[in-house]
Amino acid sequence: RALRRAAPAVQGCGVSYVGPVLAVTFAMCLAGMNLKAITVRLTTPFPEVFSSTTSYTFLEYAWALPTFAEQSTAMTTIFSQATYVCFALVAIFLHMGVLFVVWFVPLSTP
């Protein structure tokens with residue numbers, strides 16, 4: 001009985017723009033993952049000898065994280081990389097996937 005009352009509110013009966021907006025948001029998230037977003041600048045006391053600036057996308061940054069550490073195979077480095085991948089990459093798309101399922105899969109009422 002509670003599911004029957006909740007279904008119209010959860011699925012937004014009568015609201016037709018939510019599905020396309022979810023699709024556009026998902027596409028923008030995918031595109032945003034492939035744009036240069038993070039810049040790492042290395043400066044030294046002698047900039048004429050050595051200085052470097054590199055830009056990364058979110059995905060490139062995830063793979064490059066261990067190279068920024070002194071010990072690239074240390075547990076703290078691996079944990080930092082895993083945390084970044086989990087919260088900056090996976091959580092966004094997992095959340096979008098849940099929204100798609102809630103929106104497009106009809107709730108069945110027995």
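Right above here is the structure, for reference.
Along each chain, the written sequence defines residue order, and numbers are assigned to residues from 1. With the structure being a predicted model, the display of local features is reserved for residues of pLDDT at least 70 and the display and counting of side-chain atom pairs for 80 or more, all residues being used for whole-chain, interface and lining totals. Hydrogens and waters are ignored; side-chain quantities use all the structure's heavy atoms.

**A word on helix α2 (residues 18-33)**
As a reminder, the rule being used: Starting at the N terminus, helices and strands are each numbered in turn, a helix being any DSSP run of H or I of at least four residues and a strand any DSSP run of E of at least two. In a helix, the anticipated span is given by 1.5 Å times the number of residues less one. The buried label goes to any residue with under 20% of its type's maximum accessible area, the exposed label to any with over 50%, and the partly exposed label to all in between, with areas taken from a 1.4 Å probe on protein chains only. Directions drawn from the helix axis to the C-beta atoms are what define this arc. The contact criterion used throughout is that any non-hydrogen atoms of two residues lie within 4.5 Å.
Look at α2: 23 Å from first C-alpha to last across 16 residues, which is about the 22 Å you get at 1.5 Å a residue. All of the buried residues in α2 are Gly19, Leu22 and Met33. Down the axis of α2, the buried side of the element spans an arc of 60°, and every buried residue falls inside it. On its buried side, α2 packs onto α3 (58-64) and α4 (75-104).

**Looking at α4**
Rules: To get the bend at a residue, fit one axis to the 7 residues ending there and another to the 7 starting there, then take the angle between the axes.
For α4, spanning 30 residues, the distance from its first C-alpha to its last is 41 Å, which sits close to the expected 44 Å at 1.5 Å a residue. Val90 marks the point of greatest bend in α4, at about 45°. Every buried residue belonging to α4 is among Thr77, Gln81, Tyr84, Ala88, Leu89, Met96 and Trp103, and all of these are buried.

**Let's talk about the environment of Val18**
Here Val18 is to be found in helix α2. C-alpha of Val18 to C-alpha of Phe100: the two residues are 82 residues apart in sequence and 9.9 Å apart in space.

**Observations concerning the pattern of salt bridges**
Stated formally: Each salt bridge in this description consists of a side-chain nitrogen of Lys or Arg and a carboxyl oxygen of Asp or Glu lying within 4 Å of one another.
The full count for this structure, using the stated rule, is one salt bridge. The residue Glu60 makes a salt bridge to Lys36 at a minimum N-O spacing of 3.0 Å. Linking Glu60 in helix α3 with Lys36 in the loop between α2 and β1 (38-42), this pair joins segments that are 24 residues apart in sequence.

**Here we look at a nonpolar patch on the surface**
Selection rule: Patches were defined on residues exceeding 30% relative accessible area and lacking a salt bridge, with like-charge contacts within 9 Å and nonpolar side-chain contacts (Val, Leu, Ile, Met, Phe, Trp, Tyr) within 5 Å. For the accessible areas, the method is Shrake-Rupley and the probe is 1.4 Å, while residue cover comes only from the protein chains on display.
A contiguous nonpolar patch, built from Leu42, Phe46, Val49 and Phe50 and spanning about 440 Å² of accessible area, is present on the exposed surface. Examined against the element boundaries, Val49 turns out to sit in the loop between β1 and β2 (52-56). On the basis of relative accessibility, which here comes to 67%, the residue Val49 falls in the exposed class.

**Observations regarding the nonpolar core**
To keep things clear, this is the line we draw: We call a set of buried residues a nonpolar core when its members are Ala, Val, Leu, Ile, Met, Phe, Trp, Tyr or Cys and they connect through side-chain atoms within 4.5 Å of each other.
The biggest cluster of nonpolar side chains holds ten residues, and these are Met33, Ile38, Tyr56, Tyr61, Ala62, Ala64, Leu65, Tyr84, Ala88 and Leu89. At the level of secondary structure, the elements contributing two or more residues to this core comprise α3 and α4.

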